[in-house]
Amino acid sequence: MKIVVFNVKYSENLGDGLLAECVETALRNRSDHIEVETIDLAGRQDYGTGRGGQRRYVLKLLQRLPVFARQRLVRFMLERKLRKLHDQWDAKIAAADAVVIGGGNLFQDDDLNFPLKVGKVLDCVSRHNRPLAIYAVGVSERWSRQAYHLFARLKQAQLVHLSVRDGFAQDNWREHFPDGPAVKIVRDPGLLVHAFSDLERHMPSSGLQPTVGLCVTDPTILQRHASRNMSKIPFCNIGNYRDLIGLLLDDGYRVILFCNGAREDQVFAEQIRNSVSMHRVIGAGMLDLAERPRVPDDLVRILHSTDVILAHRLHACIAAYALRIPHVGLGWDGKVEGFFNSVGREAYFVGDAALSPLISLGC
């Protein structure tokens, strides 16, 4: 049996790769007779094959444009690429026995980026009448009319499974499709990280300083996708990080800055480290910057080297939870709060920017 999975596996944000590998492993473990192929919705063929270095500048440009202009620009940029990808996708779906769309935050209207891509997949699925599963996806609250009609093409498909990853996504789905199809909640596939990674957790020896990992996200990314005002997002500037790092160093903690893989995040982490170094003397080995991870195992390895992490990135938190590494989530998008609610860790979710410098890491 051949199953084709569509998501954004090869995004520079390795949380997407982590969950994609979890989905692949779980499907293959169901039977020796299942063949799984994952197709990246952006057309990337492997890790590190994207053009992430330009992403920050494109996002800044888009932020300066009104909504209608952003949508026109994104559509113009995507249509030529999607015409090329369409023939590839159509052939892959024609040769498959079933199609999966998921996991990840794929049902979001980011100026029609995902709606155009997912809509194209849905067209191919319907044309070849293949069974379709939409699995453990995130769903954003606000869709444009164009996005709704693109996503609504799923109603013409042979839909055999429909699930989202948290209560917020379920509420949003029901708001978009009040007449159905009905949707259920399943846990994010990133929780299966043990299934594809055999790395062992680092356990510090007695007497060594505990290590706090700060997973850094460029504020430009937060602003682009946030479901709340930037003024309410904790740790969205260098000063907040610098204050926290100072408190941690004074208390004898070792701090490691890292990112989920996006180049703009790594640059922001370097800026934080340099800012701290300008303001205080730091003992050898007490503040480090991890090398930018290139594949999901690199990210897992960084997480294993910490005793507690703090992150905006959802899948840094999900992987830490699965690996039993204490973690604190920072609010910027409902998907992060939704995960912490789903696993009963509301006390370790910080949604108030006023608490940024005073946050407790007593997990």
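It should be emphasised that the depicted structure is a prediction, and the values quoted were computed from it without experimental measurement.

Student: Quick one: what's the story with the overall build of the chain, residue by residue and with numbers?
Tutor: Counting its regular elements, the chain contains twelve helices and twelve strands. Here the chain holds 363 residues, and 55% of them are scored as buried. In the chain, of all internal contacts separated by at least 6 residues, the share reaching a separation of at least 24 is 76%. On the chain, roughly 16,300 Å² of surface is accessible, and the fraction owed to carbon and sulfur atoms is 48%.

Student: An account of helix α8 (residues 238–250) is needed here, citing residue identities and associated values.
Tutor: Given 3.6 residues per helical turn, the α-helix brings residues three or four places apart onto the same face. Here α8 spans 18 Å end to end across 13 residues, near enough to the 18 Å set by a 1.5 Å rise per residue. All buried positions along α8 are accounted for by Asn240, Tyr241, Leu244, Ile245, Gly246, Leu248 and Leu249. Those residues of α8 that are buried are in contact with β7 (211–215), β8 (254–258), α9 (263–279), β9 (287–289) and β10 (308–311). The positive-phi residue at the C-terminal boundary of α8 is Gly252, with phi of around 90°.

Student: Please set out the pairing of strand β5 (residues 158–164) residue by residue, giving values where relevant.
Tutor: Sheet topology note: the strand β4 (residues 131–139)/β5 ladder contains five bridges and is parallel. Across the sheet, Pro131 pairs through a bridge with Gln158, a residue of β5. Each parallel crossover has a hand, and the one from β4 via helix α5 (residues 145–151) to β5 is right-handed.

Student: Could you give an account of the sheet that holds β10, with specific residues and numbers?
Tutor: Read from one edge to the other, the open sheet built from six strands follows the order β9-β8-β7-β10-β11-β12, with strand pairing classed as parallel. The sheet terminates laterally at β9 and β12 (349–350), the two strands that pair on one side only. One ladder, built from two bridges, connects strand β11 (residues 327–330) with β12; its direction is parallel. In the strand pairing of β12, Gly329 is matched with Phe349. Along the sheet, α9 contacts β8 and β9; its crossing angle with β9, the most-contacted strand, is approximately 155°.

Student: I'd like a rundown of helix α10 (residues 296–304), residues and numbers included.
Tutor: Of the residues making up α10, those classed as buried are Pro296, Leu299, Val300, Ile302, Leu303 and His304. Looking at the buried residues of α10, the elements they touch are α1 (14–30), β8, β10 and α11 (314–322).

Student: Outline empty space enclosed by the protein, listing residues and values.
Tutor: For the structure on display, the rule yields one cavity of 30 Å³ or more. Space inside the largest cavity adds up to approximately 50 Å³. If you trace the largest cavity, you find it lined by Arg165, Asp166, Asp188, Leu314, Ile318, Lys335, Phe339 and Ser342. Of all the secondary structure elements, the ones that give two or more residues to the lining of the largest cavity are α11 and α12 (334–342). Counting residues per element, the lining of the largest cavity draws most heavily on α12, which supplies three residues. The residue inventory of the lining of the largest cavity, partitioned by class, reads three nonpolar, one polar and four charged.

Student: Mind laying out the pattern of salt bridges, listing which residues take part and the relevant values?
Tutor: With the rule as written, the count across this model stands at 16 salt bridges. Between Arg127 and Asp90 there is a salt bridge, and its shortest N-O distance comes to 2.7 Å. Residue Arg127 is found in helix α4 (residues 113–128), and its partner Asp90 is found in helix α3 (residues 67–94); the two are separated by 37 residues along the sequence. Several salt bridges converge on common partners, so that one network encompasses Lys2, Glu35, Glu37 and Lys92.

Student: Go over the nonpolar core, please, and point to the residues and values.
Tutor: Membership of the largest hydrophobic core comes to 41 residues, with the highest contact counts inside it found for Phe6, Leu41, Ile101 and Phe107. Among the elements of the structure, β1 (2–7), α3, β3 (98–107), α4, β4, α5, β5 and α6 (167–176) are those that each provide at least two residues to this core. When residues of this core are assigned to their parent elements, the largest contribution, seven residues, is made by α4. Not counting residues up to four positions away in its chain, the partners in contact with Phe6 are Ile39, Leu41, Trp89, Ile93, Val99, Val100, Ile101, Gly102, Leu106 and Val121. With 35 residues, the next largest nonpolar core counts Leu191, Leu222, Phe340 and Phe349 among its residues.

Student: I'd like a rundown of the pairing of β3, residues and numbers included.
Tutor: When you tally the buried positions in β3, you get ten out of ten residues, the bulk of the element. Relative to β3, β1 runs parallel, the two being bridged by four bridges. Its bridge partner lying in β3, Val5 is registered against Val100. Where β3 and β4 come together, six bridges link them in parallel fashion. Each bridged residue has a counterpart across the sheet, and for Phe107 the counterpart in β4 is Val139. The parallel pair β3 and β4, bridged by α4, forms a crossover whose chirality is right-handed.

Scoring rules and cut-offs
- Here the residue index of a chain counts from 1 through its sequence in written order.
- Given that the model is predicted, a residue must reach a pLDDT of at least 70 before its local features are reported, and side-chain atom pairs must reach 80 or more before they are shown or counted; all residues, however, enter totals for whole chains, interfaces and linings.
- Values reported for side chains reflect all heavy atoms of the structure, with hydrogen atoms and water molecules removed beforehand.
- Secondary structure counts use DSSP, requiring at least four H or I residues in a row for a helix and at least two E residues in a row for a strand, with both numbered from the N terminus.
- Relative accessible area decides the class of each residue, using a 1.4 Å probe on protein chains only: under 20% of the type maximum gives buried, over 50% gives exposed, and in between gives partly exposed.
- Residues are treated as being in contact if the distance between any of their heavy atoms lies within 4.5 Å.
- For every accessible area listed, the method is Shrake-Rupley and the probe measures 1.4 Å; residues are considered covered only by the protein chains on display.
- Multiplying one less than the number of residues by 1.5 Å gives the expected span of a helix.
- Should DSSP find at least two bridges between two strands, the strands are regarded as paired.
- By definition, the crossover connecting two strands over a helix is right-handed if that path, from the first strand to the second, turns clockwise as seen with the strands pointing away from the viewer.
- All axes are obtained by fitting lines to C-alpha atoms, using only the stretch in contact for helices, and the reported angles, taken between N-to-C directions, cover 0 to 180 degrees.
- Lining residues are those with an atom within 4 Å of a point, where the points come from a 1 Å grid over the protein atoms alone and group into cavities, where a 1.4 Å probe fits but cannot get out, or pockets, open sets with protein on both sides within 12 Å along at least five of seven lines.
- Grid points are joined across faces, edges and corners, and a volume is the space filled by probe spheres set on the points.
- Any residue outside Ala, Val, Leu, Ile, Met, Phe, Trp, Tyr, Cys, Pro, Asp, Glu, Lys and Arg is labelled polar, Gly included; the first ten of those are nonpolar and the last four are charged.
- Basic side-chain nitrogens of Lys or Arg form a salt bridge, by our definition, when they fall within 4 Å of a carboxyl oxygen of Asp or Glu.
- We call a set of buried Ala, Val, Leu, Ile, Met, Phe, Trp, Tyr and Cys residues a nonpolar core when their side-chain atoms join them within 4.5 Å.

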